[in-house]
Amino acid sequence: MKKICLLVSFVAVTFSCTARQPIVGAGKEVDPYHYSITKTALFSKASVVSAHPLASQVGAAVMKRGGNAFDAMIATQLALAVVYPGAGNIGGGGFLIARKANGQLLSIDYREQAPAKAHRDMYLDSAGNALTELSQNGHLSSGVPGTVAGLFAAMPYAKLPFAELIQPAIDLAEFGYVITEEEAANFNADKNDFVKYNTQPLAFVKQVAWKGGDTLVQKDLAETLKRIRDNGAKGFYEGTTADLIVAEMQRGKGCITHEDLKNYRAKEREPLTFTYRGYQVISFPPPSSGGLLLVQMLKMIEPFPVARYGFHSTELVQLMTEAERRAYADRAEYMGDPDFWNVPVKTLTSDAYITARMKDFVPGKAGKSETIKAGIIKESEETTHISIMDAQGNMVAVTTTLNNHYGSKTVVGGAGFLLNDEMDDFSIKPGVPNMYGAVGGEANAIAPGKRMLSSMAPTLLLKNNKPYAVMGTPGGTTIPTSVFQTIVNMVDFNMSAADAVNKPKFHHQWLPDLIYMEKDFPDVTASALEKMGYQLDRRGNIGRTEVIKMNNGKLESAADKRGDDCVAGF
Ligand code: DON
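All residue numbers here refer to positions counted from 1 along the written sequence of the relevant chain. Totals for whole chains, interfaces and linings use every residue, but because this is a predicted model, local features are given only for residues with pLDDT of at least 70 and side-chain atom pairs only at 80 or more, for both listing and counting. Water and hydrogen atoms play no part in the side-chain values, which are based on all heavy atoms of the structure.

As for the domain arrangement of the protein
Our working definition: Start and end points for every domain follow an automatic or database-based domain assignment. We call two residues in contact when some of their heavy atoms are within 4.5 Å. A quick way to say it: buried area is the sum, across both parts, of accessible area lost when two parts are put together, with a 1.4 Å probe. Within this document, salt bridges are pairs made up of a side-chain nitrogen of Lys or Arg and a carboxyl oxygen of Asp or Glu, the two lying within 4 Å of each other.
As far as domains go, the protein holds domain 1 (48-268 + 383-444) and domain 2 (302-380 + 461-569). The centre of domain 1, based on its C-alpha atoms, is set 26 Å off from the matching centre of domain 2. With 34 residues of domain 1 in contact, the opposing surface of domain 2 contributes 43 residues. Between domain 1 and domain 2, a total of about 2700 Å² is buried, with carbon and sulfur atoms accounting for 62% of that surface. When the area that domain 1 buries against domain 2 is broken down by residue, the three leading residues are Val49, Met389 and Ala443, summing to 23%. Joining domain 1 to domain 2, the criterion identifies two salt bridges.

Spelled out as structure tokens, the structure:
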């Protein structure tokens, strides 16, 4: 009975909010109380692949109503902020890489940045010990959020009014949606942290345990989204929302101020473009390391007969591991926010440098990170990805993050959204690993206004200068290696989008000197690598990769098997 009343009032209210028919509601294109997960599909016109079925469906519905891939990206990302609170966000940041149907490339950096009061040693105690608890949880771990600025920076490329794009998210927050079993399990697992890192009641905590099928209503978040709908980016960075963020900071000894929020800007960057076996790869430049690592790793293996070695063969996994080791050693030394640090992009990606980096590669013999350090240059879990293609040929890839699951775990009291813990992506002390085990130094040290180094790699692939594939994934430092393997799987092994995404993955990041392997990675190859001298570590899922790839004029879409990820399109 309760549910029926909820649905009736839901339809009535959404009618009055928008001129058009609502997208979300019982019996509408997106039914928040009944949905299922579709992992693969072949669409003829438009496709969205994201971490949650409702968000993918919102994006597809927006395109059906005349929106393009940019409209879909904005609506999907906002919907994810509601239905996928572990990573979808308005309190975090991200990167967008796109290719317009006319060939124009676009990359928008809306990474979080260090507040003005941040300083290099802010996570060190008086004896100089690193305080990772503070960089990874709670108020002080948050950088100034960039997502809302990023969405508005993409608006000039969209066709529909912003109010229409945000309305599905408002409806999902205001009237609720049914949560998946995975989400219920995550809320239950993080309950103690939610209690510990919050000063006000929050929607994710209730007395009894959550179960799949429960309805989550987020009234405060709905109000915040309405302020953004009515006031634009100022509805977040100024006025009531900004007041609530600053009040939250003051309650929890955080350091984001009104000035930090007001001064935040998304930045346009120059996309990184290169070729791999004739395919054009377009990926994200610094302050992400993602695209740079991808160039380096693909270029390092390009001279080798990868297809002849065979998929998951010992020869190939060793080669890719050694490429990963060398690229990640460079990450630790040379990569950071280009507005604060001279990242030697040209050198790091030059043929001469790449060839020199692989000179000490010995097939059949394990390299050692102790001896293989960064190259010599002579010149001075939680994130989420959306892949979209539309009928006009626009390609959009967005990876967005709160850093680990539910970010700082701190919800802005009265505003209903989680803040990121992205400050931990800085090198808080040289040599001290961040939560993904990545180390860094001066290039990625904290400074006011600086953007922390990322691994996110939203990536596009062109074949003969025409759209071929859109891809990306979460996974911290495993992001570039997952995208690397997905490209090799498609280009060298001609795999379907689903196989390219779902086959077991592996990962090496220089330090620690280990090859991480998913549990179902073939034992034969693993043992052969151990015999060669590699140390292995079996681990849980690597990434949640979303791919759309052209297949005879159709959009072959694959959502990773590793989560609730879902395709939607027409
Ligand atoms: O920007 C980065 O590289 C990280 N903050 C991404 C975190 C992430 O992918 C967590 N997801 N599992």
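Okay, back to it.
Some thoughts on the packing of helix α3 (residues 69-83) against helix α5 (residues 147-154)
Threshold: To define axes, lines are fitted to C-alpha atoms, for helices over the stretch in contact only, and angles between the resulting N-to-C directions are given on a 0 to 180 degree scale. Think of it this way: any DSSP run of H or I at least four residues long counts as a helix, any run of E at least two long counts as a strand, and we number them from the N terminus. These descriptions rest on fixed angle ranges, namely under 35 degrees for roughly parallel, over 145 for roughly antiparallel, 65 to 115 for roughly perpendicular, and the rest for oblique. Two helices crossing with the near one rotated counterclockwise from the far one by less than a right angle form a left-handed crossing, whereas a clockwise rotation gives a right-handed crossing.
Two elements in contact, α3 and α5, have axes whose closest approach is 10 Å; the angle formed by their N-to-C orientations is 160°. When the interaxial angle is binned, α3 and α5 end up roughly antiparallel. Crossing of α3 over α5 shows left-handed handedness. Seen from α3, the contacting residues are Phe70, Met73, Ile74, Gln77 and Leu78; seen from α5, they are Thr147, Leu151 and Ala154.

A look at the packing of helix α13 (residues 290-301) against helix α15 (residues 314-334)
Test applied: For this classification, the nonpolar set comprises Ala, Val, Leu, Ile, Met, Phe, Trp, Tyr, Cys and Pro, the charged set comprises Asp, Glu, Lys and Arg, and every other residue, Gly included, is treated as polar.
The contact between α13 and α15 brings their axes to 9 Å, and the two run at 145°. Between α13 and α15 lies a crossing whose hand is right-handed. Side by side, α13 and α15 meet where Leu293, Gln296, Met297, Met300 and Ile301 of the first sit next to Leu319, Met320, Ala323, Glu324, Arg326, Ala327, Tyr328, Asp330 and Arg331 of the second. Here the residues of the contact of α13 with α15 sort into nine nonpolar, one polar and four charged.

A look at the pattern of salt bridges
The cut-off we apply is this: Exposure categories follow from relative accessible area, calculated using a 1.4 Å probe and restricted to protein chains: below 20% of the type maximum is buried, above 50% is exposed, and the middle band is partly exposed.
Summed over the entire model, instances satisfying the criterion amount to 32 salt bridges. With a closest N to O distance of 2.9 Å, Arg269 and Asp109 form a salt bridge. Placement of the pair is Arg269 in strand β7 (residues 267-269) and Asp109 in strand β4 (residues 105-110), with a sequence separation of 160 residues. Note on accessibility: Arg269 and Asp109 belong to one class, buried. The salt bridge partner of Glu518 is Arg562, with a shortest N-O separation of 2.7 Å. With Glu518 in strand β15 (residues 515-518) and Arg562 in the loop between β18 (554-559) and β19 (566-569), this residue pair connects regions lying 44 residues apart in the sequence. Accessibility classification places Glu518 together with Arg562 in one group, the buried group. Each of Asp109, Lys267, Arg269, Asp337, Asp339 and Arg451 takes part in salt bridges that share partners, so that together they form one network.

Section: the packing of aromatic side chains
The criterion, for reference: Any two of the Phe, Tyr and Trp rings considered here, Trp counted by its six-membered ring, make a pair once their centres fall within 6.5 Å; the pair's planes then place it as stacked at under 30 degrees, edge-to-face at over 60, or tilted in between.
Under the counting rule described, the total for this entry stands at 16 aromatic pairs. Seen in terms of ring centroids, Tyr237 and Tyr264 are 5.9 Å apart; in terms of plane orientation they differ by 5°. Their pairing is stacked. With Tyr237 in helix α10 (residues 234-237) and Tyr264 in the loop between α12 (258-263) and β7, this pair connects stretches of sequence that are 27 residues apart. Tyr264 matches Tyr237 in its accessibility class, with the two residues each being buried. With a centroid separation of 5.8 Å and 75° between ring planes, the pair formed by Phe506 and Phe521 is classed as edge-to-face. Separated by 15 residues along the polypeptide, Phe506 in strand β14 (residues 506-507) and Phe521 in the loop between β15 and α20 (523-532) bring together distant segments of the chain. Owing to a relative accessible area of 2%, Phe506 belongs among the buried residues under this scheme. Owing to a relative accessible area of 1%, Phe521 belongs among the buried residues under this scheme. Clustering of aromatic rings is evident, with ring pairs tying together Phe187, Phe194, Phe204, Trp210 and Tyr406.

Quick word on the confidence of the model for the protein
For the record, the criterion: The quantity called pLDDT is the predictor's confidence in a given residue, expressed from 0 to 100.
Chain-level pLDDT for the protein is 95 on average; 96% of the residues reach the 70-or-more range. Here residues 1-18 is a poorly scored stretch, pLDDT under 50, and it has 21 contacts once near neighbours within four places are set aside; other chains count.

Let's talk about the sheet that holds strand β10 (residues 383-389)
The condition is simple: Paired strands are those between which DSSP finds at least two bridges.
A sheet is described by the order of its strands in space; here seven strands give the open sequence β7-β4-β3-β11-β10-β2-β19, paired in antiparallel fashion. Lying at the two open borders of the sheet, with one neighbouring strand each, are β7 and β19. Sheet twist, expressed as the mean angle between neighbouring strand axes with direction ignored, is 15°. Here six bridges tie strand β3 (residues 93-99) to β4, and the two strands are oriented antiparallel to one another. Residue pairing for β4: Leu96 is matched across the bridge by Ile108. Sheet contacts for helix α2 (residues 53-64): β2 (47-50), β10 and β19; angle to β2, the most-contacted strand, approximately 160°. Of the strands in this sheet, β3, β4 and β11 (395-401) are in contact with α5, which crosses β4 at around 155°.

What about the side chain of Arg357?
Here is the rule we go by: Any pair of N or O atoms that falls within 3.5 Å is considered a polar contact. Within protein, one atom must be able to donate a hydrogen and the other to accept it, and sequence-neighbouring residues count only if both atoms are side-chain atoms.
Assignment of secondary structure puts Arg357 in helix α17 (residues 351-357). Take Arg357: its relative accessible area is 8%, and that puts it in the buried class. Looking at Arg357, its side chain comes within polar contact range of the main-chain oxygen of Arg326, at 2.9 Å. From its side chain, Arg357 meets the backbone oxygen of Lys373 in a polar contact 3.1 Å long. Excluding its chain neighbours within four sequence positions, the residues that come into contact with Arg357 are Met300, Arg326, Ala329, Asp330, Lys373, Ala374 and Gly375.

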